[in-house]
Amino acid sequence: MANKGLQILGFALALLGVIGLIIGTILPQWKMSAFVGSNIITAVSMYEGLWMSCAFQSTGQIQCKMYDSMLQLNSALQATRALMVVSIIVVIAGLGAACMGMKCTNCGGDDQVKKAKIAMTGGIIVLIGSLCGIVACSWYAHDIVRAFYDPFTPVNTRYEFGSAIFIAWAGAFLAIIGGAMLAASCPREKRPSSYPMSNRPPSSKQDYV
């Protein structure tokens with residue numbers, strides 16, 4: 001029963017994690033303009049994401065523009081794009097495999113040991129996908145920090161972390177916890193006894209002296 005509850009909890013956390021990864025990938029607030037320098041009052045806030053850049057004006061208007069060409073993007077952004085897409089696909093595939101092996105489903109046959117191994121495999125796949133997400137977020141965050149502290153970067157073009165990168169980070173960590181729970185839910189196979197009992201029926205004859 002505890003193993004079944006561990007599988008359900010791990011699946012729920014991994015599902016929340018992949019939702020966070022999807023939301024974080026779509027949102028454009030991966031980095032936001034940093035208000036540094038002598039003039040910190042501005043009427044426009046700039047945000048950049050994986051797919052578009054947006055300008056938020058103080059009047060409430062929002063203007064977003066998709067990136068024109070993928071080849072014009074820097075290597076960090078291209079790598080983050082690819083890793084986030086791979087992370088989402090791999091985590092969803094792992095959830096599908098884990099769903100087939102969970103005790104609360106009827107998929108995968110009646111062999112509980114086989115189902116548990118399928119769930120464990122799905123958990124390992126989820127772990128791999130979530131690690132891709134963490135690498136993508138960390139790579140993008142490193143690029144933000146490097147550009148921020150670069151003395152040759154103009155003050156008005158410096159950026160800091162946006163909310164989307166934290167959502168993606170949280171989703172990746174939730175997926176890691178859920179994948180670890182699914183991977184740890186495989187029971188041990190029962191070993192046969194070292195001294196098997198004899199199946200011969202007892203003798204009904206009595207020995208007389």
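Residues numbered from 1 in each chain as written. Predicted model: local features only at pLDDT ≥ 70, side-chain atom pairs only at ≥ 80, totals over all residues. Heavy atoms only, no water.

**Concerning the pairing of strand S3 (residues 52-57)**
Argument step 1. Where strand S2 (residues 44-48) meets S3, five bridges bridge the pair, whose relative direction is antiparallel. Residue pairing for S3: Met46 is matched across the bridge by Ala55.
Argument step 2. Here S2 hands over to S3 after three residues, the two strands then running antiparallel side by side.
Argument step 3. Bridge count for S3 against strand S4 (residues 62-66) is five bridges, and the pairing is antiparallel. Paired with Ser53 across the bridge in S4 is Lys65.
Argument step 4. Count of turn residues in the S3/S4 antiparallel hairpin: four residues, of which Gly60 carries a positive phi of about 100°. (Pairing = 2+ DSSP bridges. Helix = DSSP H or I, 4+ residues; strand = E, 2+ residues; numbered from the N terminus.)

**As for the nonpolar core**
Argument step 1. Residues Trp30, Met84, Cys137, Tyr140 and Ile165 are the most contacted members of the largest nonpolar core, which totals 24 residues.
Argument step 2. Contributions of two or more residues to this core are made by helix H1 (2-26), helix H2 (75-101), helix H3 (112-148) and helix H4 (163-183).
Argument step 3. At seven residues, the largest contribution of residues to this core is made by H3. (Core = buried A, V, L, I, M, F, W, Y, C linked by side-chain atoms within 4.5 Å. Buried < 20%, exposed > 50% of the residue type's maximum accessible area, 1.4 Å probe, protein only.)

**Looking at the environment of Ala55**
Argument step 1. Its location among the elements puts Ala55 in strand S3.
Argument step 2. On the basis of relative accessibility, which here comes to 14%, the residue Ala55 falls in the buried class.
Argument step 3. Distance from Ala55 to Met32, taken between C-alpha atoms, is 9.7 Å for residues 23 residues apart in sequence.
Argument step 4. Aside from chain neighbours lying at most four places away, what touches Ala55 is Val44, Ser45, Met46, Gln61, Ile62 and Gln63. (Contact = heavy atoms within 4.5 Å.)

**Considering the packing of aromatic side chains**
Argument step 1. Enumeration according to the criterion identifies six aromatic pairs in this entry.
Argument step 2. Judged by centre distance (6.1 Å) and plane angle (50°), the rings of Phe166 and Trp169 are tilted. Placement of both Phe166 and Trp169 in helix H4 is noted, with a separation of three residues, approximately one turn of the helix.
Argument step 3. Residue classification places Phe166 among the partly exposed positions, given a relative accessible area of 45%.
Argument step 4. Grouped by ring-pair contacts, the aromatic residues Phe161, Phe166 and Trp169 constitute a single cluster.
Argument step 5. Of note, Lys31 hangs over the ring of Tyr159, and the distance from its end group to the ring centre comes to 4.9 Å.
Argument step 6. For Arg158, the ring lying beneath its charged end belongs to Phe148, and the centroid distance is 5.9 Å. (Phe/Tyr/Trp six-rings, centres within 6.5 Å; stacked < 30°, edge-to-face > 60°. Lys NZ or Arg CZ within 6 Å of the ring centre and 35° of its normal.)

**Some words on a nonpolar patch on the surface**
Argument step 1. The grouping of Leu15, Leu16, Ile19, Ile23 and Ile167 at the surface amounts to a nonpolar patch, some 390 Å² of accessible area in total.
Argument step 2. The element contributing the most residues to the nonpolar patch is H1, with four residues.
Argument step 3. Among the structural elements, Ile19 can be located in helix H1. (Patch = residues over 30% accessible without salt bridge, like charges linked within 9 Å, V, L, I, M, F, W, Y side chains within 5 Å. Areas by Shrake-Rupley, 256 points an atom, 1.4 Å probe, with all protein chains shown as cover. Salt bridge = Lys/Arg side-chain N within 4 Å of Asp/Glu carboxyl O.)

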